[in-house]
Amino acid sequence: MTYSPQYLSGREIRQKFLDFFAQRGHKILPSASLVPEDPTVLLTIAGMLPFKPIFLGQKKAEFSRATTSQKCIRTNDIENVGRTARHHTYFEMLGNFSFGDYFKEQAISWSWELSLQVFGLPEERIVVSVFEEDDEAYEIWRDKIGVNEKRIKRMGEEDNFWKSGPTGPCGPCSELYYDFHPELGDDNIDLEDDTRFIEFYNLVFMQYNRDSNGNLTPLENKNIDTGMGLERMAQILQSVPNNYETDLIFPIIKTAASIIKIDYFKADSNTKTSLKVIGDHVRSVVQMISDGITSENTGRGYVLRRLIRRVVRHGRLIGIEGAFINKVAVTAISLLESAYPEVKEREKFILAELEREESLFLQTLENGEKKLSEILEKKPQQISGLDAFTLYDTYGFPLELTEEIAAEYNLTVDVEAFQVEMDKQRDRSRQAHETIDLTLQGSIDKLGEHIHPTEFLGYGDSQSTAKVEAVLVEGNLVDSAEAGTQIQIILDQTPFYAESGGQIGDRGYLSGENLLVRVEDVQKESNMFVHFGKVERGIIKVGDTINAQIDRACRRRAQANHTATHLLQAALKEIVDHSISQAGSLVAFDSLRFDFNCPRAVTPEELEQIEERINTWIAEAHDTEIAVMSLDDAKSKGAIAMFGEKYGAEVRVIDVPGVSMELCGGTHVRNTAEIGLFKIISEKGISSGVRRIEAVAGPAVLEYLNLRDNIVKNLSERFKVKPEEIPHRIDSLQNELKKAEKQINALKQEVALAKSDGLLSLAESVGEFKILVAKMDDADADSIKIAAERLQQKLGEGGVILASIPAENKVSLVAAFSSKVVKDKKLHAGKFIGGIAEICGGKGGGKPNFAQAGGRDSDKLESALATAKDDLLKALQ
């Protein structure tokens, strides 16, 4: 039976789903963050998670019906990503929800209407499952919807009964499956056969409450929770063999493949697996970083780090050298931005985080791989805990990565011994922490007994004379230092601002007769200002009188950014929430960052208002008033103090009258007009209840705009269009590309099917069965897969073994068995083809009725096929 569904893009599928339910009274809600409010899970793992408090009765719903497209992350099946057609770490779950409104019959009716009338699926290609005890759902499907009883399957509690935990709300499920091969008939339908069926829609009927004794009582308000996998529906409607080849993921895979100049469709199975892992994981890490997650060694930050490192490793496995993750991340961002515009808005931060983490891992990965290879060459029975710990501690290999590589060699890791080594390290760290004395800090503490605190002159002066009180080289006190030496210098007085209050230290120069020292940073230690720099010319000695000169341009930039940070806090309090408080900041020369306590994200509309408000204050040219007063007086005037900060009896108050008043020791502009312009770059969450805004002010705004203007000009020139026509031109190119890819895929399938027809004459009869064992020239793994499926269907009861050599020293094998061969002769395609693959130095596996395998020794293919034929003849006699 030939059927080609109407092609819909992933974007169209998402929108049609949401529109369908919006037309039926559902409120369309944006996707919740991947950082959930639910403390019991690290990441948002299901479409219903944001509504869990409503389902559990902990929160009252503001609406009775809702529909969402929720981004989700799951890593429990990470080892299957890229190896199966449908496993992912990142996926989107389309859902419609009812909170005490409609229930079972309406949910079932709409799911059927959506599947048939909106997505155009033929009813003969849909099979439904119900909980084995749910007669009500069974009868609705059979009597109200009209589904053939043979295509309604009763399933047990493990498959078709949802529960939130041992106690609480729960209920039966009904699932809709798409049938790729309805021509196989309705008898003996096995929904576990994922070569024939794919579940695409799950309906949860939350109708019971389970008590501690396991008793079920009906809920007063029954709820509906549904989920349709966007990637799965895209696979169905785009007629591709797996989720990875849909328009949601394949452009990322194609970008990765282009880096090493290979054709995905001609690649061997291992390369395809790695490309799929990259395609999947890059979507995950882009969305995670966009939602404020950064790489760490614990929690969700560790999940992010692990995924990034898997991307890097799989890139190396297919021959990508050096950094590449940002190239594929840019493609992922372009695919995601239409549904999640915040991803594009935070692109700069996403790429910076990815670049930083990739760089860190690449520095140690090569040496770690060599170390692991040395371990594996010894052919151990198991990788020891000490070796695994060395890889983790010295080379940055997460334990899971070592376990994954070990599994490729059929080895395990002694995890218990690994944990013992980790505990030993923690003990060593605690002991070291109690005794460690940093050389620089120790030297400065000793100096404090003889040298007065540094006098800061920088509020009024940008240069001054000063006496050299101390010179340190690599933390050790010296009398002098010559040209080329990195040094730390302490002066009796200085115009250089030392890093504090979030503002970085000044840059500048120390000079004298035939002396020049470039100052790169200034830190405050024990009330002494330590100038970090390099002697560019001459010799600097303790006791010298020198001239200290700050870089005025850098200072002006810092002043503009610091005052802008104060204006930002004032605008946040005015527009978002008056209770907002500062949680940290960074004032640099080229940008500013402001962290603040806020339980929710700042909306795009609010960010626009904040930006407009700040630029209005800048244009109004408010004078900045700076005064030193008692802490009590400052508080009585309404000055804002940072929570947790310690202040002395006297404090410095920065007042922009009518706008902002804060306690601050930093440097500031004299008038807000000196700031020039203010531009917000991004807003994101960095931890629970803490948000971060990154922005630029002053000259940095022009640099930021010039960068983007150059990008637009470059695109205009390359596309030969006006700037405003760029989006349309890109859309056109993408559409052309999709059409071309679709045509290529169709041609490949036609060629494979044509070749397969020519092999029918080679079939042999073995009693009631027919077998065909053959080699197909110039065919990749996907082509022989399609051919094997076609031939098995034409032969009827029997088995097909096909092989090809898609590349040098690469072998592809496939086995397709009829149901009678599997049941009556007890043959398992996965086990059978796995044994044949071993002859060619490979491995493989799969389902009882269909499996694929690969090998590395093409010289042994003829022998392998002869063995396959002999074994199959014997088994079927």
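Anything mentioned here points back to the structure above.
Read on for an overview of the structure. (Residues numbered from 1 in each chain as written. Predicted model: local features only at pLDDT ≥ 70, side-chain atom pairs only at ≥ 80, totals over all residues. Heavy atoms only, no water.)

**A short note on the overall build of the protein**
Then step 1. Looking only at helices and strands, the protein features 25 helices and 33 strands.
Then step 2. Considered along the principal axes of its C-alpha atoms, the protein spans approximately 105 × 65 × 65 Å.
Then step 3. Counting every position in the protein, which comprises 877 residues, the buried fraction comes to 50%.
Then step 4. Nonlocal contacts in the protein, meaning residues at least 24 apart in sequence, comprise 67% of its contacts between residues at least 6 apart.
Then step 5. When the accessible surface of the protein is summed, it comes to about 41000 Å², and 47% of that surface belongs to carbon and sulfur atoms.
Then step 6. Both charge centroids of the protein, one from 105 positive and one from 136 negative side chains, sit 3 Å from each other. (Helix = DSSP H or I, 4+ residues; strand = E, 2+ residues; numbered from the N terminus. Buried < 20%, exposed > 50% of the residue type's maximum accessible area, 1.4 Å probe, protein only. Contact = heavy atoms within 4.5 Å. Areas by Shrake-Rupley, 256 points an atom, 1.4 Å probe, with all protein chains shown as cover. Lys, Arg positive; Asp, Glu negative; His and termini not counted. Charge placed at Lys NZ, Arg CZ, Asp CG, Glu CD.)

**Here we look at the pairing of strand β17 (residues 515-525)**
The two faces of the sheet receive side chains in turn, since in a regular strand these alternate between them.
Then step 1. In this structure, strand β16 (residues 508-512) lies alongside β17, joined through five bridges in antiparallel fashion. Each residue of the ladder has a partner; that of S511, found in β17, is L516.
Then step 2. Counting the residues between successive antiparallel strands, the hairpin from β16 to β17 contains two residues, one of them, N514, with a positive phi of roughly 55°.
Then step 3. Sheet topology note: the β17/strand β18 (residues 528-537) ladder contains nine bridges and is antiparallel. Bridge pairing in β18 places V517 opposite V535. (Pairing = 2+ DSSP bridges.)

**Here's the deal with the sheet that holds strand β32 (residues 843-846)**
Backbone-to-backbone hydrogen bonds pair the strands of a sheet. The strands run either parallel or antiparallel.
Then step 1. Strands sit in the order β28-β29-β30-β31-β33-β32 across an open sheet of six strands; the sheet is mixed. Strands with a single pairing partner mark the edges of an open sheet, and in this sheet they are β28 (764-766) and β32. Ignoring which end each strand starts from, the neighbouring axes of this sheet average 20° apart.
Then step 2. Across six bridges, strand β29 (residues 769-775) lies against strand β30 (residues 798-807) in parallel orientation. Residue pairing for β30: A774 is matched across the bridge by L802.
Then step 3. Across the face of the sheet, helix α22 (residues 781-795) comes into contact with β29, β30, β31 (810-817) and β33 (850-855) while running at roughly 160° to β30.
Then step 4. Packed onto the sheet, helix α25 (residues 861-876) meets β28, β29, β30 and β31 and runs at close to 175° relative to β29. (Axes fitted to C-alpha atoms, helices over the stretch in contact; angles between N-to-C directions.)

**Some points on the packing of aromatic side chains**
Then step 1. In total, this model carries 22 aromatic pairs according to the counting rule given.
Then step 2. Look at F103 and F205: their rings are 6.1 Å apart centre to centre, the planes differ by 70°, and that puts the pair in the edge-to-face class. Note that F103 is positioned in the loop between β3 (90-99) and α3 (104-118) and F205 in strand β8 (residues 197-210), a separation of 102 residues in sequence. F205 carries the same exposure label as F103, and that label is buried. (Phe/Tyr/Trp six-rings, centres within 6.5 Å; stacked < 30°, edge-to-face > 60°.)

**Quick look at the pattern of salt bridges**
Then step 1. According to the stated counting rule, one finds 43 salt bridges in the structure shown.
Then step 2. Where E136 meets K104, a salt bridge forms, and the shortest distance between an N and an O atom there is 3.2 Å. In this pair, E136 is assigned in helix α4 (residues 135-145) and K104 in helix α3, connecting sequence segments 32 residues apart.
Then step 3. Given the relative accessible area of 40%, E136 is considered partly exposed.
Then step 4. One salt bridge in this structure joins D187 and K150, with 3.2 Å as the shortest N-O distance. Note that D187 is positioned in the loop between β7 (168-179) and β8 and K150 in the loop between α4 and β5 (152-155), a separation of 37 residues in sequence.
Then step 5. The network of salt bridges with shared partners includes R151, D179, D186 and R196. (Salt bridge = Lys/Arg side-chain N within 4 Å of Asp/Glu carboxyl O.)

**Here we look at the nonpolar core**
Then step 1. Membership of the largest hydrophobic core comes to 86 residues, with the highest contact counts inside it found for F119, W141 and F200.
Then step 2. Sort the elements by how many residues they give to this core and helix α8 (residues 269-290) lands first, with eight residues.
Then step 3. Apart from residues lying up to four places away in sequence, W141 is in contact with I108, S111, W112, V128, V130, G146, V147, I152, S174, L176 and L203. (Core = buried A, V, L, I, M, F, W, Y, C linked by side-chain atoms within 4.5 Å.)

**A word on a negative patch on the surface**
Then step 1. Side chains of E158, D159, D190 and E192 sit close together on the surface and give a patch of like negative charge.
Then step 2. Mapped onto the elements of the fold, E158 is located in helix α5 (residues 157-160).
Then step 3. Residue classification places E158 among the exposed residues on the basis of a relative accessible area of 78%. (Patch = residues over 30% accessible without salt bridge, like charges linked within 9 Å, V, L, I, M, F, W, Y side chains within 5 Å.)

**Here's the deal with the side chain of S585**
Then step 1. Here S585 is to be found in strand β21 (residues 581-587).
Then step 2. Under the relative-accessibility criterion, S585 is labelled buried at 18%.
Then step 3. Here the side chain of S585 touches Q582 through a polar contact of 3.3 Å, side chain to side chain.
Then step 4. Every residue in contact with S585, bar those within four places of it in the chain, is listed here: G501, G502, R593 and F594. (Polar contact = N/O pair within 3.5 Å; in protein donor to acceptor, adjacent residues only side chain to side chain.)

**As for the environment of K831**
Then step 1. The topology assignment puts K831 in helix α24 (residues 829-839).
Then step 2. For the pair K831 and A851, spaced 20 residues apart in sequence, the C-alpha to C-alpha distance is 8.5 Å.

**Examining the pairing of β5**
Then step 1. Note that strand β4 (residues 126-131) and β5 share four bridges and pair parallel. Its bridge partner being in β5, S129 is matched across the sheet by K153.
Then step 2. Of the crossover connections in this fold, the one passing from β4 over α4 to the parallel β5 is right-handed. (Right-handed = clockwise from strand over helix to strand, strands pointing away.)

**Considering the packing of helix α1 (residues 10-22) against α3**
Then step 1. Contact geometry of α1 with α3 gives a least axis separation of 11 Å together with a crossing angle of 130°. Of the possible angle classes, the one that applies to α1 and α3 is oblique. The crossing of α1 and α3 is right-handed. Residues K16, F17, F20 and F21 of α1 form the contact with α3, whose participating residues are W110, E113, L114 and V118.
Then step 2. Looking at the contact of α1 with α3, its residues break down into six nonpolar, no polar and two charged. (Parallel < 35°, antiparallel > 145°, perpendicular 65-115°, else oblique. Left-handed = near helix turned anticlockwise from the far one by under 90°. Nonpolar A, V, L, I, M, F, W, Y, C, P; charged D, E, K, R; others polar.)

**Focus on the environment of A746**
Then step 1. Considering the arrangement of structural elements, one finds A746 in helix α21 (residues 726-759).
Then step 2. Note on A746: relative accessible area 33%, which makes it partly exposed.
Then step 3. Between the alpha carbons of A746 and S239 there is a distance of 9.8 Å; along the sequence they are 507 residues apart.

**Looking at helix α6 (residues 230-237)**
Then step 1. Judged by how many residues are buried, α6 sits mostly within the fold: seven of eight residues are covered.
Then step 2. Those residues of α6 that sit buried are L230, E231, M233, A234, Q235, I236 and L237.
Then step 3. Of the surrounding elements, those touching the buried residues of α6 are α1, β3, β7, β8, β9 (216-229) and α8.
Then step 4. Just downstream of α6 lies S239, where phi reads positive at about 55°.

That's the geometry; what it means functionally is another story.
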